[in-house]
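Below, each chain spelled out in residue letters.
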Amino acid sequence: MAGSATSYAEFYRRSIEQPQEFWAEQARLIDWQTPPRQVCDDSRPPFTRWFVGGTTNLCHNAVDRHLKDRASQTALICVSTETDTEKTYTFAELHAEVQRTAAMLQALGVRRGDRVLIYMPMIPEAAFAMLACARIGAIHSVVFGGFASVSLASRIEDAQPKVIVSADGGSRAGKVIPYKPLLDEAVRLSSHKPQAVLLADRGLAPMDRVPGRDHDWAPMREKHLHAQVPCAWLDSTEISYTIYTSGTTGRPKGVQRDTGGYAVALAASMKHIFEGSAGETYFSTSDIGWVVGHSYIVYGPLIAGMATIMYEGLPIRPDAGIWWSLVEKYKVTVMFSAPTAVRVLKKQDPAFLKKYDLSSLRGLFLAGEPLDEPTARWIADGLGVPIVDNYWQTESGWPMITLANGVEPQRAKFGSPGVPMYGYKIKILHESTGEELTKPNEKGVVVIEGPTPPGFMQTVWRDDERFVNTYWKSIPGKQVYSTFDWGIRDEDGYYYILGRTDDVINVAGHRLGTREIEESISSHPGVAEVAVVGVADPMKGQVAMAFAVPKDSAVVGDANAAMKLEGDVMKLVDQQLGAVARPARVRFVTLLPKTRSGKLLRRAIQAVCEGRDAGDLTTIEDPAALEQIKALVKQ
Ligand code: ATP
Ligand code: MG
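An unreviewed UniProt entry lists the chain under the name Propionate--CoA ligase, with Ramlibacter humi given as the organism. Regarding the chain, the relevant UniProt record gives this comment under Sequence similarities (unreviewed entry): "Belongs to the ATP-dependent AMP-binding enzyme family."

Following this line, the structure appears as structure tokens:
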């Protein structure tokens, strides 16, 4: 039970009505070198500064602080089913590795405030590099290792790193992906050149070194084996890192985060939302290249004194039981994944969910995309643990809407992530009048009224104007932060996210959310996954087009079976939503175009259907998915 709060409603109210007291209390969850002078400075909206005057350090809170009580407890568990390796580090070992890495970065010229770009697979060195940056006050910018040269080049250009930390390669489904040639090409494409490149050699792919610029991790580490690098005490408002959004809707934005507010936000979320305690194990299946990886692979669990698992590999290799075997082996108590991953598992034998002892697991948190009811039920029944949907963004750094069961157990409702988290003043506004919609189930844009809580983005990196113009000026007459997501709130105050504001279909004047139609289609037992987009139509304005992955892949190549399933799916939509929502066509494909973070690229599908250029595709997972759709559309 948090503080003197008696219920979540009370806890929430205090966070909004007495934010200074509320957050001062949360700030005690972390160590400060100098305590803050002022809790919140909101004198220059929409910019918010948290814990002004305080000095602290993320690495100190994640590592050093635990040495006193748990030096020999496990801090980091790195599992790769790609290279068949498993390595664990205690807090003491992690402390030593991070200091070595910090010393290497310093030797390469990195100073406080310099940027270090980290382009790495899921190996321990990636976590060492992030924590080492935090330790010396360098700003890290982790770029997802699955990106190729062009995406990487634009991020090098934007972040202007003094040093880049990378590796010879990654591996996916047993196939080695050499990183070094991609990195060299990206540096060639970028007008900014790093001073040095630090390379972890896994022995996966050959590497050409650029003399004078490139340095090998292992020999350099040897030189700094006994390094002692103290934590730099940073101002609470000093930048800890920048990270790019997933790029689902367009050009990725460089989200900039502070130090003290972020540390407090994570510590508070570990307590009130995830309920993870020191000595336990946290397993997030995300990647360090995404915000979930920053908050809930690296910093959040470690700040809470938990062991954290970094996993390199697929959820279905060597078989679909791999994650659950790790839960059993490491007694995972809290797990975090994404609906897209659960949908992958859903195509496999559900017996895998029952094969291992999951008694340690208290909950599975899912975020990143709407969690449809069939998927949620399937995994909840299979695992027998609570499934907690949580809604947030790269921009927020931690959940915005979910259930804070660490404060008071709340009832989950399928289809809804829950209620606004403490500190978030969430409202639903009419998209064009800006009027607040207060009646239950009125659909509008989900917005946040400032000041935004600790952990929230400070600004767009080096572009305050883009921050203000993109996020705070989209609703007429109101200075509120737009999430660019549609939502409704029911009579109990639960929110439902209906999709992105650019994902609405207007069929003959009826405005339909793509999510509603997708949910209906995916409730058909023959459908594993589906994307619905609105396509321009001379008669109706727009019509809905559906592209679905059938459970039985034979349907894709079998015209008769496809026609039958298409008819059945249409009938189902008619029954559930009415004929107006019925897609003009339901086409079957073996895979859907997604971003590297597993989100549907509806924007690109729509462009292809309308015969337009698909736009910025640097974040696409597999271009072949779009080719399948192109081929179908041409028929
Ligand atoms: P970009 O902003 O660059 O287009 P993106 O919005 O996909 O990319 P992220 O910050 O990774 O980048 O994703 C946040 C978005 O993901 C949210 O705005 C929302 O659309 C969606 N989302 C996240 N969690 C949920 C959830 N639990 N339910 C529904 N939607 C979710
Ligand atoms: Mg976004």
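**Focus on the state of the cysteines**
All chains considered together, the criterion is met by zero disulfides. The structure places no disulfide on C78, whose sulfur is separated from the nearest cysteine sulfur, that of C59, by 15 Å.

**Considerations on the site of ligand 1**
Close to ligand 1 lie 20 residues; T245, T248, T249, T394 and D485 are nearest. Here an oxygen atom of ligand 1 sits 2.6 Å away from a polar atom, N or O, in the side chain of T245. The contact in question runs from an oxygen atom of ligand 1 to an N or O atom on the side chain of K599, over 2.8 Å. Computed on the free molecule, ligand 1 has an accessible area of 640 Å², of which 94% lies beneath the protein chains in the complex. Looking at the shell around ligand 1 residue by residue, the class counts come to four nonpolar, nine polar and seven charged.

**What to know about the UniProt feature "domain: Acetyl-coenzyme A synthetase N-terminal" (unreviewed entry) in the chain**
UniProt annotation of "domain: Acetyl-coenzyme A synthetase N-terminal" (unreviewed entry) refers to residues 8-62 when read in the numbering used here. With 44% helix and 27% strand, residues 8-62 has its two end C-alpha atoms placed 28 Å apart.

**Quick look at the nonpolar core**
Among the nonpolar cores identified, the biggest contains 125 residues, and W23, L105, L131, V165, Y296, Y299 and Y422 are the most heavily contacted of them. In terms of residue count, helix 6 (residues 124-136) provides more of this core than any other element does, ten residues in total. Among the nonpolar cores identified, the runner-up in size contains 31 residues, and V79, V327, M335 and I387 belong to it.

**Brief notes about the environment of R221**
Mapping R221 onto the fold places it in helix 9 (residues 217-223). Residue classification places R221 among the partly exposed positions, given a relative accessible area of 22%. Here the alpha-carbon distance between R221 and S15, two residues 206 residues apart in the chain, equals 45 Å.

**So, the pairing of strand 30 (residues 527-537)**
Judged by how many residues are buried, strand 30 sits mostly within the fold: nine of eleven residues are covered. Turn length for the strand 30-strand 31 (residues 541-550) hairpin, with the two strands adjacent in sequence and antiparallel, is three residues.

**Topic: the packing of helix 19 (residues 602-609) against helix 20 (residues 623-634)**
Relative orientation and spacing of two packed helices are given, respectively, by the angle between their axes and the distance between those axes. Between helix 19 and helix 20, the shortest axis-to-axis distance is 9 Å and the interhelical angle comes to 30°. By the angle between their axes, helix 19 is roughly parallel relative to helix 20. Between helix 19 and helix 20 the crossing geometry is right-handed. Along the contact surface, helix 19 presents A604, I605, V608 and C609, while helix 20 presents L626, I629, K630 and V633. Residues belonging to the contact of helix 19 with helix 20 are distributed by class as follows: seven nonpolar, no polar and one charged.

**A word on helix 2 (residues 19-27)**
Side chains of residues three or four places apart in an α-helix project in the same direction, reflecting 3.6 residues per turn. Among all positions of helix 2, only F22, W23, Q26 and A27 are buried. Mapping the buried residues of helix 2 onto a view down its axis gives an arc of 135°, with all of them on the same face. Where the residues of helix 2 are buried, they touch helix 1 (8-17), strand 1 (38-44), strand 2 (47-52) and helix 10 (260-272).

**With respect to the side chain of S236**
Locating S236 in the fold gives a position in the loop between strand 13 (234-235) and strand 14 (241-244). According to the relative accessible area criterion, S236 is buried, its value standing at 1%. Setting aside anything within four residues of it in sequence, one finds S236 in contact with W32, W50, F51, G54, T55, D258, T259, G260 and G261.

**Thoughts on the packing of aromatic side chains**
With the rule as written, the count across this model stands at 38 aromatic pairs. With a centroid separation of 5.9 Å and an interplanar angle of 65°, the aromatic rings of W23 and W50 are classed as edge-to-face. One end of the pair, W23, is in helix 2; the other, W50, is in strand 2, and 27 residues separate them in sequence. Residue class for W23 comes out buried when judged on its relative accessible area of 1%. Owing to a relative accessible area of 5%, W50 belongs among the buried residues under this scheme. An angle of 65° between the planes, with centres 6.4 Å apart, marks the rings of Y424 and F456 as edge-to-face. Taken together, the residues Y424 in the loop between strand 22 (419-420) and strand 23 (425-429) and F456 in the loop between strand 24 (444-449) and strand 25 (459-460) connect sequence positions 32 residues apart. With respect to class, Y424 is no different from F456; both count as buried. Residue placement shows R44 over the ring face of F47; its charged tip is 4.6 Å from the ring centre. We note K413 situated over the ring of Y494; from NZ or CZ to the ring centre the distance is 4.7 Å.

Calculation rules
Residues numbered from 1 in each chain as written. Chains lettered and ligands numbered in written order. Predicted model: local features only at pLDDT ≥ 70, side-chain atom pairs only at ≥ 80, totals over all residues. Heavy atoms only, no water. UniProt positions renumbered as here; feature names shortened; annotations may be inferred. Disulfide = S-S within 2.5 Å. Near = heavy atom within 4 Å. Polar contact = N/O pair within 3.5 Å; in protein donor to acceptor, adjacent residues only side chain to side chain. Areas by Shrake-Rupley, 256 points an atom, 1.4 Å probe, with all protein chains shown as cover. Nonpolar A, V, L, I, M, F, W, Y, C, P; charged D, E, K, R; others polar. Helix = DSSP H or I, 4+ residues; strand = E, 2+ residues; numbered from the N terminus. Core = buried A, V, L, I, M, F, W, Y, C linked by side-chain atoms within 4.5 Å. Buried < 20%, exposed > 50% of the residue type's maximum accessible area, 1.4 Å probe, protein only. Pairing = 2+ DSSP bridges. Axes fitted to C-alpha atoms, helices over the stretch in contact; angles between N-to-C directions. Parallel < 35°, antiparallel > 145°, perpendicular 65-115°, else oblique. Left-handed = near helix turned anticlockwise from the far one by under 90°. Contact = heavy atoms within 4.5 Å. Arc of directions from axis to C-beta. Phe/Tyr/Trp six-rings, centres within 6.5 Å; stacked < 30°, edge-to-face > 60°. Lys NZ or Arg CZ within 6 Å of the ring centre and 35° of its normal.

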